[in-house]
Amino acid sequence: MSEKLALSLGIDIGSTTAKVVLTEGGQVLYERYERHLSQVRQKTLEMLEEMRPQLAGRRFYASVSGSAGLGMAEAAGIPFVQEVYATGEAVRRFEPDTNVVIELGGEDAKVIFFDHGLDERMNGSCAGGTGAFIDQMAVLLNMSVREMDDASLTHERLYPIASRCGVFAKSDIQPLLNQGANKSDVAASIYQAVVNQTIAGLAQGRKIEGKVMFLGGPLYYCKGLRERFQETLGLSDENAVFPEYARFAVALGACIYAEKNGVEFDCDSIVGAIRDSIGKGASGAHRLPPLFETEADYEAFRARHAKASVAERDIASYEGGAWLGIDCGSTTTKLVLISRDKEILYSYYASNQGNPVEIVRAQLSRVYDLCGDRIQICGCAVTGYGEDLIRSAFRCDEGLVETIAHYTAARHFRPDVDFILDIGGQDIKCFKIRGGAIDSIMLNEACSSGCGSFIETFARSMGRTASEFAEHGIRARAPVDLGTRCTVFMNSSVKQSQKDGATIEDISAGLSVSVVRNALYKVIRANSPEELGKNIVVQGGTFLNDAVLRAFEQEMGAEVIRPAIAGLMGAYGAALHAMRHEKSSLISLQELMHFRHDTNSAVCKGCTNHCRLTINIFPDGRRFISGNQCQRGAGGGKNIEELPNLHAFKRDMLSGLRGTPGPRGKIGLPLALGMYELAPLWHAIFTKLGFEVVLSPLSTRKTYEKGQFSIPSDTACYPAKIMHGHIEELISAGVERIFYPCLSYNVDEHASDNHYNCPIVAYYAELLHGNMDSLKQVDFLYPYLCLDSPKQLSDTLGRGLEAHGLHFTKRELREAVDAGFTAYEAWMARIHAEGERALQYAKEHDKRVMILAGRPYHADPEIGHGIDKLAVGLGFVVVSEDSVCQLEPKQSVHVLNQWTYHSRLYRAARYAAEHDGVELVQLVSFGCGLDAITTDEVRAILEDGGKLYTQIKIDEITNLGAVRIRLRSLLGALEERGR
Amino acid sequence: MAQMEKNYIAFTEEMKDTHTILVPTMLPMHFRMIMNVMRTYGYHMELLEKSGPEIAQTGLKYVHNDTCYPAILVIGQFIDALQAGGYDPDKVALILFQTGGGCRASNYISLLRKALAKAGYPQVPVISLSLAGIEDHPGFRLSVGKLKRIMCGVFYGDLLMTLVNQLRPYELHPGEAQKKAEVWTERLGRELGAGGHSGLGALKRNYRRILEDFATVECEARDTVRVGVVGEIFVKYSPLGNNNLEDFLVREGAEVDVPGLLDFCLYCVYNNIMDYKLYRRVRWPAYAAYTLAWKYLLHCKRAMIDEIRKQGRFRAPTPFEETVQLGKDYLNIGAKMGEGWLLTSEMLELARSGAENIVCTQPFGCLPNHICGKGMMKPIKDRNPNVNIVAIDYDAGATRVNQENRLKLMLANARRIKAERESAS
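Just so it is clear, the structure is predicted and the values come from calculations on it, not from any experiment. (Residues numbered from 1 in each chain as written. Chains lettered and ligands numbered in written order. Predicted model: local features only at pLDDT ≥ 70, side-chain atom pairs only at ≥ 80, totals over all residues.)

As for the overall build of chain B
Piece 1. Helix and strand counts for chain B come out as 16 helices and eight strands.
Piece 2. For 425 residues, the compact-globule estimate of 2.2 N^0.38 gives 22 Å, and chain B sits close to it at 21 Å.
Piece 3. Considered along the principal axes of its C-alpha atoms, chain B spans approximately 65 × 50 × 45 Å.
Piece 4. Across the 425 residues that make up chain B, the buried fraction comes to 58%.
Piece 5. Counted over contacts in chain B with a minimum sequence separation of 6, partners at least 24 positions apart contribute 75%. (Helix = DSSP H or I, 4+ residues; strand = E, 2+ residues; numbered from the N terminus. Rg over C-alpha atoms; globule rule 2.2 N^0.38 Å. Buried ≥ 20, exposed ≤ 12 C-beta atoms within 10 Å, placed from the backbone. Contact = placed C-beta atoms within 7 Å.)

Describing the pairing of strand β6 (residues 254-257) of chain B
Residue and element names in this part refer to chain B.
Piece 1. Burial along β6 is two-sided: Ala254 and Val256 and Glu255 and Asp257, pointing in opposite directions, are all buried.
Piece 2. Here four bridges tie strand β5 (residues 225-231) to β6, and the two strands are oriented parallel to one another. Counterpart to Gly228 in the pairing with β6 is Asp257. (Pairing = 2+ DSSP bridges.)

Details of the confidence of the model for chain B
Residue and element names in this part refer to chain B.
Piece 1. Averaged over every residue, the pLDDT of chain B is 90; the share at 70 or more is 97%.
Piece 2. Per-element averaging of pLDDT across chain B places helix α3 (residues 53-62) at the bottom with 86 and β5 at the top with 97.
Piece 3. Here residues 1-5 scores under 50 on pLDDT; set against residues more than four positions off or in separate chains, the count is 17 contacts.
Piece 4. Two summary scores accompany this predicted model of the complex, namely pTM at 0.84 and ipTM at 0.92. (pLDDT = per-residue confidence, 0-100.)

Examining the packing of helix α6 (residues 144-167) of chain B against helix α11 (residues 261-279) of chain B
Residues and elements named next belong to chain B.
Piece 1. Where α6 meets α11, the axes come as close as 8 Å, and the angle between the chain directions of the two elements is 135°. With respect to each other, α6 and α11 are oriented oblique. Two secondary-structure elements touch here, α6 through Val154, Phe155, Gly157 and Asp158 and α11 through Leu261, Leu262 and Cys265.
Piece 2. Of the residues that constitute the contact of α6 with α11, the class distribution is five nonpolar, one polar and one charged. (Axes fitted to C-alpha atoms, helices over the stretch in contact; angles between N-to-C directions. Parallel < 35°, antiparallel > 145°, perpendicular 65-115°, else oblique. Nonpolar A, V, L, I, M, F, W, Y, C, P; charged D, E, K, R; others polar.)

Examining the packing of α11 of chain B against helix α12 (residues 284-311) of chain B
Residues and elements named next belong to chain B.
Piece 1. Packing of α11 against α12 leaves a shortest axis separation of 9 Å and a crossing angle of 150°. Classified by the angle their axes make, α11 and α12 are roughly antiparallel. Seen from above, α11 lies across α12 with left-handed handedness. Seen from α11, the contacting residues are Leu262, Cys265, Leu266, Val269, Tyr270, Asn272, Ile273 and Tyr276; seen from α12, they are Tyr287, Tyr290, Thr291, Ala293, Trp294, Leu297 and Lys301.
Piece 2. For the contact of α11 with α12, the residue count by class is twelve nonpolar, two polar and one charged. (Left-handed = near helix turned anticlockwise from the far one by under 90°.)

What to know about helix α14 (residues 340-352) of chain B
Residues and elements named next belong to chain B.
Piece 1. The end-to-end C-alpha distance of α14 is 19 Å, a good match for the 18 Å that 13 residues give at a rise of 1.5 Å each.
Piece 2. Counting buried residues along α14, twelve of its 13 residues qualify, which places the element largely inside the surrounding structure.
Piece 3. One or two residues past the end of α14 sits Gly354, with phi positive at roughly 100°. (Expected span 1.5 Å × (residues − 1).)

What to know about the sheet that holds strand β31 (residues 950-954) of chain A
All names here are of chain A.
Piece 1. What the four strands build is an open sheet, ordered β29-β28-β30-β31; its pairing is parallel. Strand pairing shows two members of the sheet lacking a second neighbour, β29 (876-880) and β31, which therefore form its edges. With strand direction ignored, the average angle separating the axes of adjacent strands in the sheet is 25°.
Piece 2. Of the strand pairs in this sheet, strand β28 (residues 848-853) and β29 are connected by five bridges, and their pairing is parallel. Of the residues in β29, the one forming a bridge with Met850 is Val878.
Piece 3. Of the strands in this sheet, β28 and β29 are in contact with helix α32 (residues 810-845), which crosses β29 at around 160°.
Piece 4. Of the strands in this sheet, β28 and β30 (918-925) are in contact with helix α35 (residues 900-914), which crosses β30 at around 155°.

Some words on the interface of chain A and chain B
Piece 1. Between chain A and chain B, the residue contacts involve 65 residues of the former and 64 residues of the latter.
Piece 2. For the side of chain A that touches chain B, the element with the highest residue contribution is helix α30 (residues 759-771) of chain A, accounting for nine residues.

A short note on the pairing of strand β17 (residues 419-423) of chain A
Residue and element names in this part refer to chain A.
Piece 1. Within β17, five of the five residues are buried, which leaves it mostly tucked inside the rest of the structure.
Piece 2. Side chains Phe419, Leu421 and Ile423 of β17 all project onto a buried face; the interleaved residues Ile420 and Asp422 project onto the opposite face, where all are buried too.
Piece 3. As paired elements, β17 and strand β18 (residues 428-434) share five bridges and run antiparallel to each other. Note on β18: the bridge partner recorded for Ile423 is Ile428.
Piece 4. Pairing geometry for β17 and strand β20 (residues 536-539), over four bridges, is parallel. Bridging across to β20, Asp422 finds its partner in Gln539.

Okay, structure coming up:
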């Protein structure tokens, strides 16, 4: 081996940026940080050429690191070092007394613990990007990353924003913006979400404390993010280290690794190796056929779709009445003004730039301008996410739910339409039409909502506009196959394809195919055009992209209709709807000139929920309040009719369970998962055995936050993750013991083939025991019990208590267990009786019934997010699955009917299927593997009875906007059917 | 016991002659031998070995996309075979293993039937292969004799897999061990198929012959790190499910250690015994039968271990009685859904036997693994600071680059730990 060289080159290619560092004898000689816009090898070559003066004539060591660097390193034969490992190398050299490193990159988050055995964590494949996420959020706020950062520093309050992944957060942020929340508050809340995500996803039970070093581009650039981290982790200034080389830590680590590895290069050899590698190493990732074989195919396609247009009329030549439709969507605002003959007089389509009120104000004054005295606006209807806000800001005549607006437009267009697919900025909506009424509605789940806005953000990140990007897609020769999961997965698929040398054309076309497949297989879950319908209309801004439209036709093997106004259909439908008005209450030109819009924030004191309200104030003193989960917060709603609500009834019953002081001391029962069902059983047993039973209170967001530090698997369901908080609450309440048993089997109701619990409900106690250090302060009892008979329960319980030094006689145990079962049976009987009373009430008062069906724990106010109250607010009598299932016998289903809770769903669905005026809405927790099986069965049972199936996926999300749309669409469809 | 309602097409006696039974791949060597056994009983069976992205694509079309990845792959493979494999759908039956446990995997059969109906093959019978007797197929009943032969396939398969794994990174002539394993798979398959002995004596004789043969493989010392693989049974074993994990690890300079299929069988049997012991949920005669099976299987495994030790060149697997004990300090053996306590025990067993670097594989969103896999990593690391575990999720949307990046981190640490240890001694 030759003499040791002084120079060492580290190249770090992340998902979005490339970094190079050259060190000489450990000192940094040169460093550079640039975005690579996915042109990894070209950018590296460029950067090497720039540093040629430093390298010329010398030999040096080199290594490559970074998530996007592997392909290049392998193809060019340069040593590769995994990036987290490289970071560790750098920190061990430069700051050896560091306890923890937090490093955020373009799409990765990493935490390294140095004490007690090195432990390195990278974000799970579902826990979206960070740097790229901040970029996306900045785009959403219509700010640069720097502007967003500056704004965040002046924040006054923080909004809760879901922290699981970018898509979830986006669906929280969008409504905040639409409701007029302050941008600096939103910016800081976004950072807080990143912090929470890092802690919840990566700390996994280990405390982040001691000297903590923060690395990576986002933490180097975003002061606001650093502030959030330091505050949340409670770190002193000495212990929060933000080094100058934060962006270069990985590259520095690569330098160190290169020295150790000892592979030598000179400037020409490394440049030559990389240059030769271009195009090599494509691992043959799956490619798809091109969208268009020839230019002629594309022309024919365009000509065919050009036929589906709407008549337009020059506004200057028109006189008389006109109707205005406004569609205030999640990312764009659309306006359409139509004539008496339904021709378009004026239209507008643009991004709402985070401030839809201002856009609509400007547009209204433009419309008034164009109308002059010749045209009178006779009616105005508004739809979309911002419906309520816009409607009250400008006194529109009517608001209607988006689905109905879209159907109205499509029907005008094609009276016999039987299937509509709308892909908008953030949602996919599709509905089947049967007999002139909406028959079934499907909306995408929050986890796959990266539709149109995803393509747009992606286009921007590659330095293209959305339409340029679509143009590229049309010309793709070999579109890449990017998979169909959520955007986060697509991001990393794109990363992989870039590594393999895919062109921007291939990526654009591939994304289009993914969006389409996502809609088809994830939302609609169809496998042939016949299944959808004969007359398919596609719409929504995303279908203006010809690549997406073509991908859809190709995937379905059918030709569809895309109206030329695909992006305006909601607004056009609203305008058509407004035609039922002859005189409009719309704000006048005069008032418009003095229009002002201020927002305030407040906390609702209507109930214990303490919703955070945004109060919009308009010039004439009118107010519009948003952020409220129920009608009470909306002001003056105290006289709302109190309809029966079984979820509330069950919560009240649980809150009423109190302990009585006993000789055996306090025993805590965490009110989560299976405890929601069995609390009365355990309460009675332990009271009888002489314990004072302490039940943890109903959950709030705070409950979750208290326990989030010890969650080892961030993709488990929210009802499980919230359990950690309940344990913490019980410990703070000073109990000596906590009891949460392991139950492979649940109560046998003799209405299923077997009576299992799901694995999470059954064994979550094992996970708590293994991961919650705080449980060491108490005696944690989690025996494996059997509920099949009083004897089996008292035997198993006796053994379980014995093991903790709690001795009882057989007789004591048996009596306690008997008391427990008696209490449990009485409890269920009360729930059943109340369910039947609610059904009776609905019948007598002619109300619709909603079976809000899920698991017992979905009644929790935090897990259920107050959807029950929302439904009551919409005029439904709300019952739960376990309060009506007793009215139907065991169901014959196509799957193994082997879980107690699930068999109730099937029976409740049957009840809905066979009774007029009873609807079933299924609540599904994100990550619930079992519901992938139950949902199809519940749907089949409902459809068998000619009923609509509605599913709501819930997670940490607190925004009820999407849920409202869904429930209102259900109502709208029911009304249409009733007509 | 769980009884599926009888709304399925049974595999009748006549179908034995007319139908070909298609089998999904998981462990090719094991399955090939087992199929040879079944052929002697008059069944026509074929193993589906097609892989590639279209398998998952087909699966996604016909199965709820939130279902676990193994279901998507297995069902995708079946439907793909029916659509593109040239089989006559009126002359084909499918077979799947069904545990009947509390995990949703018990529903693969139902999901497969729904997918078949959706794809236009409602007439295809699906055989549920289950120890729990969830369904009854008159043409496919397993006698004790049949079961014993089937288990021989498992025993031999496990031994061959273990030997190949131990030799592969060091061979002078790369591929030699694998080639030998294939020859033995053929030979043993034929022997079992021709009605050869399945008794303990025959078993031991064959163990010895295999060991002698593999001992002739020429090797050289190479610098490797030992990596154990545990996880959900399908993605743990199936290269289709885990993106050729073993090949990747070997390429990266690892010696791979995968616990055998017999352990999973023992685990299933043991759970039934525990259902009796913990809850008295199983009747005594069934309990006695399970105990008998338990003892028999333990004995067969013990025989294998003895022969390996006697031969002397190879590392013998851990007796299962010990594996059971290992996990008890971490997780109660009542946790029996999915891979349950076995997963935790196997991690500990691997660590104890020197494979401290562990890949824990699971389908994305696997419910039991939240608890028995990811949920047990902290306690395991707390008490065994040198254990280096990485959890890898598999599903149709996860990318290889993401998975390999994590694996590379685990391997980099494995090498660092090894170097530190070597420099210390």
